[in-house]
Amino acid sequence: MRLLTVLLLAFLASAALTSAYIVVGSGEVRERAFLTVLITPLLWAGFMVYAYWDRKAWRPAATCAGIIAVCSALIVAAPPLAP
Amino acid sequence: MEQQRHKRLYGLHEWTGNLFGLFLFVVSFTGTVALFYDEFTFWEATELRSAAYAGEYIAPESLVDAHLASYPEGTTFANLFLRLPSETAGYYELFGRHTAPAADGEAASKPEDINVRWHAATGAELNDRGDGLAHWLVDIHRHLMLPNRTIGRFLVGIAGLVMLVSIITGIFTHQKILKELFTLRVGRSKRLQWKDTHNALGAWALPFHGMIAFSGAYLGLVVILLPVFAMVAFNGDQEAAIETVIGKPVEAAGVAASPYPISDAVQAVEESGGYRASGVRLDQYGDTNARYEVFLEIDDRLLLSSTVRVDGVTGEGADRAPMIIEGGGQENATVAEQVLNAMVALHYATYGGIWLKILYIGLGAALCIMVGTGLMVWVERRANGSIGNLSRQTYLRISRLNTGVMMGLLPATVLLFYVDRLVPVAADERLTVIGWTYLGTWIACTLLSTVIPNSRAFVRTVLIASGVLGIGVLPLDALTLGDASLLAPAQRTALGLDFGAVLLGLLALFVGLGLNRLYAPKVQRGGSLERAGATALPQS
């Protein structure tokens, strides 16, 4: 379970979280894009460490899965950005 | 910290380090070498080095105009960039792409490269030796020289990410960092010495390692992340995403106009910006919508460069004021832009001159040693400890393989200087010869290390050979330079590189010759002999 979180869910969760921020966050799109590109590696590494931090192996996986689900819903529901 | 958590995080630290250790070492080593791209470029270009001088330059517009006019009518140009001369590179360089007009009923031609250099004082076209030494040494770090650069860059970005994870887990697992800063048990077992070296270097250089890992991860992953963001936020429309982030590209009006003199635009920008211009991007050159983007070389701030836009017909300042103004900071940049601007400069050490690069060499070497000792400790614990499921012989083979991969990079790198200067090849074959020399030497060293049972003798031989080759770079340069004198003031960049190679060569020679003394059998109190080399560096 931890390995799955490290290898897959951590990346998907960080990408989903930052993509959702671009779509629904406040401020200029350009500024949001810059911020997300900067933050993604930190989030990705953070989720990987969290996978082994928590005593229960399922908790980091569930957290990542939850983030992916919520952010995906936000992205689908929000209208696409216009340049 | 809870004991189980400590154990889990240590496991993550150990396994990420072990699985990716060699890859991290390769990326770290090649990255340390790649810091000197400008110096390598100058060193290898023997024909252009004679053009290095600090005199008066002729205006470049006549050269550019004449060159562009040599193409058939209707040819379109894209990404035109004019590199301006400097004290060490006294030539203009124009590069970009051109597309020939499509004949009736035929498909449009494929874009082709433009790459031409002119002597800055005479305007004479200079010969091009093609890509070689500098290109290889930098791009092996940037994208591992893979045919698909995006994949290569992404993999290097993954190395940064793994390093980031290793650093975070390392901080949590090493809870006595202050004590480890000053712990180096010289004279004890090899495993303890490696462990102490690993911990002490990790602790002392922690801010640098964190910065280089983060900026490396960002620079590598951005090539994959941007398309992902475009797909999500703009329904896969990458052009819309790029337009939003970078701005709309300049479109041609289709009406010819007399271009504003490039030299005048550069002079005006240099005077108002307070920095030397390094190049000019020429958008829609010769059109009424032409625009110049003048790049200022910023070497005393945490910025790679700053640009000023100028109308390519009237010479007026265009829609965006300079990001840097004299005596100020990045007044027009947002926080995210400032951080992004700083990222490249931080990673490539472009903000503090040559002394900063020398500091980066030391810290980069510390990173390599930290990764290397980490790998050796992992093997050593299994080869001579109670943990590990494989046989001792298997662990010793892994140890030799690690040694070969890590040590092989040293002669592979230094040998390129000799091949570049002594092997005559055509310009378009130069990179291939350089590449095969590098890979061949590296692979040969790795194979040798796996068959030579005495690892210490192997390391010693490689260090001595690399040292001698490094010392020889200075005479090699002096004897094969041609007409130019190595002592001329304009050659100081190459001379600095030559002396750097000599110093590093002497260091390698010193360590190689002293290796036997370092790991000499030591008489212990009970009278028994402790042979440090008998473990992961076995004696024959």
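The rules behind each value
Residues numbered from 1 in each chain as written. Chains lettered and ligands numbered in written order. Predicted model: local features only at pLDDT ≥ 70, side-chain atom pairs only at ≥ 80, totals over all residues. Heavy atoms only, no water. Core = buried A, V, L, I, M, F, W, Y, C linked by side-chain atoms within 4.5 Å. Buried < 20%, exposed > 50% of the residue type's maximum accessible area, 1.4 Å probe, protein only. Helix = DSSP H or I, 4+ residues; strand = E, 2+ residues; numbered from the N terminus. Contact = heavy atoms within 4.5 Å. Arc of directions from axis to C-beta. Buried area = accessible area lost by both parts, 1.4 Å probe. Polar contact = N/O pair within 3.5 Å; in protein donor to acceptor, adjacent residues only side chain to side chain. Patch = residues over 30% accessible without salt bridge, like charges linked within 9 Å, V, L, I, M, F, W, Y side chains within 5 Å. Areas by Shrake-Rupley, 256 points an atom, 1.4 Å probe, with all protein chains shown as cover. Salt bridge = Lys/Arg side-chain N within 4 Å of Asp/Glu carboxyl O.

Asker: Would you mind going over the nonpolar core with me for this structure?
Answerer: Across soluble globular proteins, nonpolar side chains have a tendency to be buried as a group. Residue and element names in this part refer to chain B. In terms of nonpolar packing, the biggest core is built from 104 residues, with F40, W43, L137, Y218, Y360, F417 and Y438 touching the most fellow members. Residue contributions to this core peak at 14 residues, all from helix α9 (residues 206-233). Sequence-distant contacts of Y360, defined by excluding residues within four places in its chain, comprise T32, L35, F208, M211, I212, L346, H347, A349 and Y351. Of all hydrophobic cores here, the second largest spans 29 residues; its members include V64, V116, A277 and I298.

Asker: I would appreciate a short explanation of helix α17 (residues 473-480) of chain B in the present structure.
Answerer: Residues and elements named next belong to chain B. Residues V473, L476 and D477 constitute the buried set of α17. Along α17, the residues classed as buried sweep out an arc of 95 degrees about the axis, all on the same side. Of the residues one or two after α17, G482 is the one with positive phi, at around 100 degrees.

Asker: I keep staring at the interface of chain B and chain A and nothing clicks. Help me out?
Answerer: For interface size, the figure often reported is the accessible area lost on association. Across the boundary between the two partners, chain B contributes 37 residues, which contact 32 residues of chain A. Here chain B and chain A share an interface that buries about 3200 Å² over both sides, 79% of which is from carbon and sulfur atoms. If you sort the residues of chain B by the area they bury against chain A, B:R8, B:F229 and B:V245 come out on top, with a joint share of 18%. Connecting chain B to chain A are 4 residue pairs in polar contact (both at pLDDT 80 or more). Secondary-structure elements contributing two or more residues to the side of chain B that touches chain A are α1 (3-34), α6 (149-173), α9, α10 (238-246) and α12 (335-348) of chain B. At 10 residues, α9(B) tops the list of elements feeding residues into the side of chain B that touches chain A.

Asker: Explanation requested: a nonpolar patch on the surface in the structure shown.
Answerer: Residue and element names in this part refer to chain A. A grouping of M1, L3, L4, L7, L8, L12 and W58 is seen on the molecular surface, where their side chains present a nonpolar patch of about 740 Å² in accessible area. When residues in the nonpolar patch are grouped by element, the largest group, 5 residues, is from helix α1 (residues 2-24). For M1, the location among the structural elements is in the segment before α1.

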